[in-house]
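Take a look at the letters that make up each chain.
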Amino acid sequence: MKSDPPPCAHGAAATAEASVGAPQLVVTPLNTRRLQPYRLATSRAEVSITCTGEVCMQFLKRKEQSACVYEIHWISPDGRQVWICQPPDGTSLAEEPLCSRDSAVSYSLDKLPGRYWRKYCYASRFVALVRSKTPKVTLSSDDARFSLMDNGPPGDLEARFHDGVKVLITNGFVSVTEASGLTRTFQSPCDASQPDGGGGGGGATGAYVRRSLQAWQQCLQLEEIISLQEQSSGSGASFFPASVSRPSVVNTELQSKPALDGNALELGLAQANI
């Protein structure tokens, strides 16, 4: 059995800094409830949601053709506790970090030193990205499958029509991808759903958007009803993800892992100057 690596360097200094307290920043703690395990690697870090709901980040420093882990962060599922460890020089990237939490410095979120806030915010962006690709309520019908994502309120809506058209409603924008691959983006659902031209969706595009908006409202109503049942049950168990469909419709993708954009995470790291 391998023994744990020695205590992290600079642990005493980190503890002393924590006692002073972190900058007074307004940060909403991340939360991984209902999210499945997921792992994403970029050139600067590997970040994952573990089977226990923790977020693990291994930050990389490249030397010639190899990459070494110079810092490891664990964040509790509710985002309120952070463990940080600096592994020995030359530590390679591993699925299970070699530096354990027994040798890490622990911080509550309100005591997290200021130099770590950028990395915590990066973890929050990662969790938000996973949520935006994780269905919470799925409504399947004869014409399409509509997925209300778990990043609300209100969550994004992804509509996949059986003829190949895809509609995405997010942050007030509407994106329509035709079966040919051509994508059109509109500034608001109102613009996209106009039945005539006038700079709007018009024609068939407007019909797809109007159908998606109708399904979006239905999904939001289902989410509210199921949430009330979840709260009244008192069991503490989640009733999501939930799927509602006609008996003839089989939804095989509800539990599939989300397809994340690694470039978006890479950009987030670069902007955070990590």
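Values in this document were obtained by computation on a predicted structure and should not be read as measured data.

## Observations concerning the layout of surface pockets
Inference 1: Its volume calculated, the largest pocket comes out at about 430 Å³.
Inference 2: With three residues, the top contributor of residues to the lining of the largest pocket is strand β2 (residues 45–49).
Inference 3: Within the lining of the largest pocket, the residues separate by chemical class into nine nonpolar, five polar and seven charged.

## A look at the pairing of strand β5 (residues 81–85)
Inference 1: By the criterion of burial, β5 is predominantly enclosed, with four of the five residues buried.
Inference 2: Here strand β4 (residues 66–75) pairs with β5 via four bridges, running antiparallel. Following the sheet pairing, Ile75 is matched in β5 by Val82.
Inference 3: Counted along the chain from β4 to the antiparallel partner β5, the turn is five residues long, and its residue Gly79 has a positive phi close to 75°.
Inference 4: With four bridges connecting them, β5 and strand β6 (residues 105–108) associate as antiparallel partners. Within β6, the residue paired with Ile84 across the bridge is Val105.

## Observations regarding the side chain of Glu223
Inference 1: Here Glu223 shows up in helix α4 (residues 203–233).
Inference 2: On the accessibility criterion, Glu223 (16% relative accessible area) is buried.
Inference 3: Leave out the neighbours within four places in its chain, and Glu223 touches Lys136, Val137, Leu148 and Phe240.

## What about the environment of Ile72?
Inference 1: Within the element layout of this structure, Ile72 appears in strand β4.
Inference 2: If sequence neighbours within four positions are ignored, Ile72 has contacts with Cys56, Met57, Gln58, Trp83, Ile84, Cys85, Pro87, Pro97 and Cys99.

## Digging into the confidence of the model for the protein chain
Inference 1: In this model, the protein chain carries a mean pLDDT of 82, and residues with pLDDT of at least 70 account for 78%.
Inference 2: Averaged pLDDT values for the elements of the protein chain fall to 38 in helix α1 (residues 11–20) and rise to 97 in strand β9 (residues 157–161).
Inference 3: Every residue in residues 249–255 is under pLDDT 50, and counting partners more than four places away or in other chains gives 13 contacts.

## Some details on the side chain of Arg131
Inference 1: Residue position: Arg131 is located in helix α2 (residues 117–132).
Inference 2: At a separation of 2.8 Å, a polar atom in the side chain of Arg131 contacts the main-chain carbonyl oxygen of Asn31.
Inference 3: For Arg131, the residues in contact, after removing those within four places along its chain, are Asn31, Thr32, Arg33, Arg34, Leu35, Met149, Asp150 and Asn151.

## As for the pairing of strand β12 (residues 183–186)
Inference 1: Bridging between strand β11 (residues 173–177) and β12 involves four bridges; their strand directions are antiparallel. Within β12, the position partnered with Thr177 by the bridge is Thr183.
Inference 2: The turn linking β11 back onto β12 is made up of five residues, and Gly181 within it adopts a positive phi angle of 105°.

## A word on the sheet that holds strand β7 (residues 135–140)
Inference 1: Judged by pairing direction, the sheet is mixed, and its seven strands sit side by side in the order β12-β11-β10-β9-β8-β7-β13 without closing on themselves. Unpaired on one side and paired on the other, β12 and β13 (242–245) mark the two borders of the sheet. Going across the sheet, the axis of each strand differs from the next one's by a mean of 10°, ignoring polarity.
Inference 2: Pairing of β9 with strand β10 (residues 166–170) involves four bridges; the strand directions are antiparallel. Opposite Arg160, over in β10, you have Lys166 as the bridge partner.

Basis of the calculations
- Residues numbered from 1 in each chain as written.
- Predicted model: local features only at pLDDT ≥ 70, side-chain atom pairs only at ≥ 80, totals over all residues.
- Heavy atoms only, no water.
- 1 Å grid on protein atoms, 1.4 Å probe; cavity = no way out; pocket = protein on both sides within 12 Å on 5 of 7 lines; lining within 4 Å.
- Points joined across faces, edges and corners; volume = space filled by probe spheres on them.
- Helix = DSSP H or I, 4+ residues; strand = E, 2+ residues; numbered from the N terminus.
- Nonpolar A, V, L, I, M, F, W, Y, C, P; charged D, E, K, R; others polar.
- Buried < 20%, exposed > 50% of the residue type's maximum accessible area, 1.4 Å probe, protein only.
- Pairing = 2+ DSSP bridges.
- Contact = heavy atoms within 4.5 Å.
- pLDDT = per-residue confidence, 0-100.
- Polar contact = N/O pair within 3.5 Å; in protein donor to acceptor, adjacent residues only side chain to side chain.
- Axes fitted to C-alpha atoms, helices over the stretch in contact; angles between N-to-C directions.

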